[in-house]
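Examining the three-dimensional arrangement
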Amino acid sequence: MKRFALAGNPNCGKTTLFNCLTGSTAHVGNWPGVTVDKREGTYKKCAEPISIIDLPGIYSLSPYTPEEVISRNYILDEKPDCVINIVDATNLERNLYLTTQIMEMDVPMVIALNMMDMVEKQGDKIDEKELERRLGIPVVKISALKGTGLTELMEKAFETSSKERKGKTVLEGCEIYHLISDVRIALDGQNVANPLFHAIKLVENDEIEVQMHSTTIKMVDEFKQSFNNELFGTDFEALVADARYKYISKNYSPLMTKKEKGVKLSKSDKADKVLTNKWAGIPIFIVILFAIFHLTFSEDLFYLGSIFSLPTLEDLGVAENFGTALLACFYDGAIFSPGVILFNLMDLITSTVFGWITAGLESLGAAEWALSLIGDGILGGLGGVLSFVPQIIVLLLFLSILEDTGYMARVAFILDRIFRRFGVSGRAFIPMIMGFGCSIPAMVNTRTLADERERTLTLRTIPFFSCGAKLPILTAVAGAVAHILGAGDGSIISFLMYVVGMAVAIVSIILMRSTTQRGEVSPFIMELPAYHAPSFKGLMIHLWDKTKHYVKKVFTIILASTILVWFLSNFNWSWAMTGDINDSILASLGQFVQPLFTPLGFGSQLNAQGWVFVVAAVTGLIAKEEVIATFGTLAAIFATAAPEIAVEGATDVMTMVLGTGITWPALIAFIIFNMTTIPCFAAVAAAKGETPKGKFKWTLLFWVATSYIVSAISYTAITMFASWSLWSILATLGIIIVSVVAVLLIRNYNKKHPVKGVK
Amino acid sequence: MKKLSDFSIGETGVIVKVDGEPRIKRRLFDMGVTPGAEVYMRKKAPLGDPIEVTIRGYELTLRKAEAECVDTKEIKA
């Protein structure tokens, strides 16, 4: 099968084109760096099926960021049959800069002039026939968004792929061209493939090339001694880049005729004026973030219920029937937010359907163990997790809108100054905020950061930005805490927990920056794409892409582990079903590790059943949704159930609170522990793939240590404020003294040992 | 000669020279910040840094520290 590779600048519409060609549903965003790994799909409308490879977006083939190296190596080593170079026609010069580099490789190539619809809308024109002639490469006008010109593009690419093409360069008029030419001949003599490309990179003193051709580089070095350019000296890298742009602006740019534009601002400019306004920019960002959480989690939309003291359904004296239950999904003393409404509906559906199933089984006279397995084990566990799917979707929808409109890139712009103070650039904030959705894509996205230390730092803190799967833990446990304290539905506690997570991230970044990951903040040079309204189709693709991941997990790994937990908690070591949970396999395993969690408040101080919290936290490593699923399964085992609490999952937690005697500060510590500890296995695997060799084990250790220390401190501090005991005051004082001494020691050490090799 | 970092909002200039550490310089070049290019100072971030400029028809953001590497001259009318 022929392979065509898509290459082009970030945000030039590559992924949209990829989706159009392959019918795949890859994720498209409106900020640079959405595709960070190559992806494959199949195009079926040509004479034969063609494999399409979507390479990460790059500005250049220099070796400075991992995605540039991925793209470069793919074209050089895997030798695709054709490279389709996507050029954003609204941004011709910078896009053609990459074209002039790909051109130098000996690979068949076609240019897809994308976003032609935008160009025409602006009233601009491009002479693409003349561009094709001057470049010597076929040019096809397309619009990936509208789906025009695609058949023509693929036919042209198919036709071109059967012809060999020798590399060509625009540097022929450049003053060091004869050096390039000499090096090319030398490399050709050594039978190096793509000699022209390698020759130019070698002349540029590219670090990858210098290692590969250590003998030939001497030619360049000798030449340098007799050469001096008044502007660039012997900095050939700069000289070459400059020559490329000069050539482009002289030969290609005039082919675009721009309609005279008045002073009228485009819609994008107008939006930008407000969103990044000097005074309003940061407050708007905070309001947007708050609005997202409010619309997803609030049980009192816009606080209308509290403001107008609306009556509850009970006050209104509505009869209890299914219609009322349905109404209660939308309103009960307050109007619910869209997230909560969807959640309630899903919960109503699952509990109704599950009720039928259990009733059906009972009427069929199923054995008691089967009833227990299906009712308490499987349905109890899955129900808890499934109800959260709609709420996760709502949260993801809002994050997707931020990405698609281009606002996310502005957030980096607005916040860079603040983040720099902590030791990372504003760019690092994009993967961090993505972490609120799911850690895995967020971790993969850290590749767009140019600096290795910054990548490591960011990756390690991503789990602290509590992901969608941790949401059930937050809601349920916070709901129980609020119930104990008699204060609302726990949404404020949930919000505070998010804040704690972010605070832990900031503190650990500062700590790592002054200890293991010292060095200066990496540069911040980034394109700000024009805003555009998100397309409905794009959003849906985006959402489906992320949601299917959750749903798949519910019916595979979570289902399997729920059954396992049920089995372990209902059977004893002699493989017989036991009525007493304290006799179960799970209990003995849990009790074994339980003492370790004493400083966190859910260890030895609890009664005989206290191991349930430890077990739940451990199952969270399989998938974070599992924590609440385990609660669902384990709560059924306690003899006395807690009275019903309106917040999903909170009743199960309350049952366990009553059964174990855990205190509310310990519940908070439990949330924090789950939020900051090792993420789920899938995210751990992603982290392993993204961390440099040898750093992965430290990353794991970092997560364990952080979660343990932070939870222990929270437990101690909150307990202390709840009841001033001597022991808690002493412990807190101890922690403060130790931290102050540590900070002073680190400062002192850093002053004496400045960072070497990092500028 | 005026450094890009000293521009006030709405000012335009032509790049004469780009200096600085090789990595930063290369990155600037790749993004089209090369001698001869016209650069327009669009705005500053709410906290005064980074800045946003229009160059080669698109919006680019960079910090003042990086903009300091860019020397410009006035455009001759």
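Not measured: the values here are computed from a predicted model.

Thresholds applied
- Residues numbered from 1 in each chain as written.
- Chains lettered and ligands numbered in written order.
- Predicted model: local features only at pLDDT ≥ 70, side-chain atom pairs only at ≥ 80, totals over all residues.
- Heavy atoms only, no water.
- pLDDT = per-residue confidence, 0-100.
- Helix = DSSP H or I, 4+ residues; strand = E, 2+ residues; numbered from the N terminus.
- Salt bridge = Lys/Arg side-chain N within 4 Å of Asp/Glu carboxyl O.
- Buried < 20%, exposed > 50% of the residue type's maximum accessible area, 1.4 Å probe, protein only.
- Pairing = 2+ DSSP bridges.
- Contact = heavy atoms within 4.5 Å.
- Buried area = accessible area lost by both parts, 1.4 Å probe.
- Polar contact = N/O pair within 3.5 Å; in protein donor to acceptor, adjacent residues only side chain to side chain.
- Nonpolar A, V, L, I, M, F, W, Y, C, P; charged D, E, K, R; others polar.
- Axes fitted to C-alpha atoms, helices over the stretch in contact; angles between N-to-C directions.

In this model, chain B carries a mean pLDDT of 90, and residues with pLDDT of at least 70 account for 99%. Mean pLDDT per element in chain B: helix 1 (residues 22-30) of chain B is the minimum at 87, and strand 4 (residues 51-55) of chain B is the maximum at 94.

With that out of the way, let us pick up the pattern of salt bridges. Counted under the stated rule, the structure contains 32 salt bridges over all chains. Here E159 of chain A ties to K163 of chain A by a salt bridge, and the two come within 3.8 Å at their closest N and O atoms. One salt-bridge network, held together by shared partners, links E104, K201, E204, E237 and R244 of chain A together with R26 and D30 of chain B.

All names here are of chain B. Counting buried residues along strand 4, five of its five residues qualify, which places the element largely inside the surrounding structure. Summarising the sheet, strand 3 (residues 38-44) and strand 4 pair through five bridges and their orientation is antiparallel. Residue pairing for strand 4: V39 is matched across the bridge by I55. Here strand 3 hands over to strand 4 after six residues, with G48 in that stretch at a positive phi of 90 degrees. In this sheet, strand 5 (residues 58-62) lies alongside strand 4 in antiparallel orientation, the contact comprising five bridges. Counterpart to I51 in the pairing with strand 5 is L62. Counted between consecutive antiparallel strands, the loop separating strand 4 from strand 5 contains two residues, among which R56 sits at a positive phi close to 50 degrees.

This next bit is on the interface of chain B and chain A. Contact with chain B, which involves 34 residues of that partner, is made by 50 residues of chain A. Each partner contributes to the roughly 3600 Å² buried at the junction of chain B and chain A, and carbon and sulfur atoms together form 56% of this total. Among the residues chain B hides against chain A, the three largest losses belong to R26, P46 and R63 of chain B. Together they make up 21% of the total. One salt bridge in this structure joins E93 of chain A and R56 of chain B, with 2.5 Å as the shortest N-O distance. Seen at the junction of chain B and chain A, the total is 20 residue pairs in polar contact (both at pLDDT 80 or more). Among the elements of the structure, strand 2 (12-18), helix 1, strand 3, strand 4 and strand 5 of chain B are those that each provide at least two residues to the side of chain B that touches chain A. If one sorts the elements of the side of chain B that touches chain A by residue count, helix 1 of chain B sits on top with eight residues. Residues belonging to the side of chain B that touches chain A are distributed by class as follows: 14 nonpolar, four polar and 16 charged. Where strand 9 (residues 525-527) of chain A meets strand 5 of chain B, three bridges bridge the pair, whose relative direction is antiparallel. Of the residues in strand 5 of chain B, the one forming a bridge with I525 of chain A is L62 of chain B.

Take the sheet that holds strand 7 (residues 139-141) of chain A next. Residues and elements named next belong to chain A. One open sheet accounts for six strands, arranged 2-3-1-4-5-7; its pairing is mixed. Edge positions in the sheet fall to strand 2 (39-43) and strand 7, since each has one partner strand and no second. Each strand axis lies, on average, 25 degrees off the axis of its neighbour in the sheet, ignoring direction. Where strand 1 (residues 2-8) lies against strand 3 (residues 50-54), five bridges are found, and the strand directions are parallel. For K2, the partnering residue across the bridge sits in strand 3 and is I50. Set on the sheet, helix 3 (residues 92-102) makes contact with strand 1, strand 4 (82-88) and strand 5 (109-114); between it and strand 4 the angle comes to about 165 degrees.

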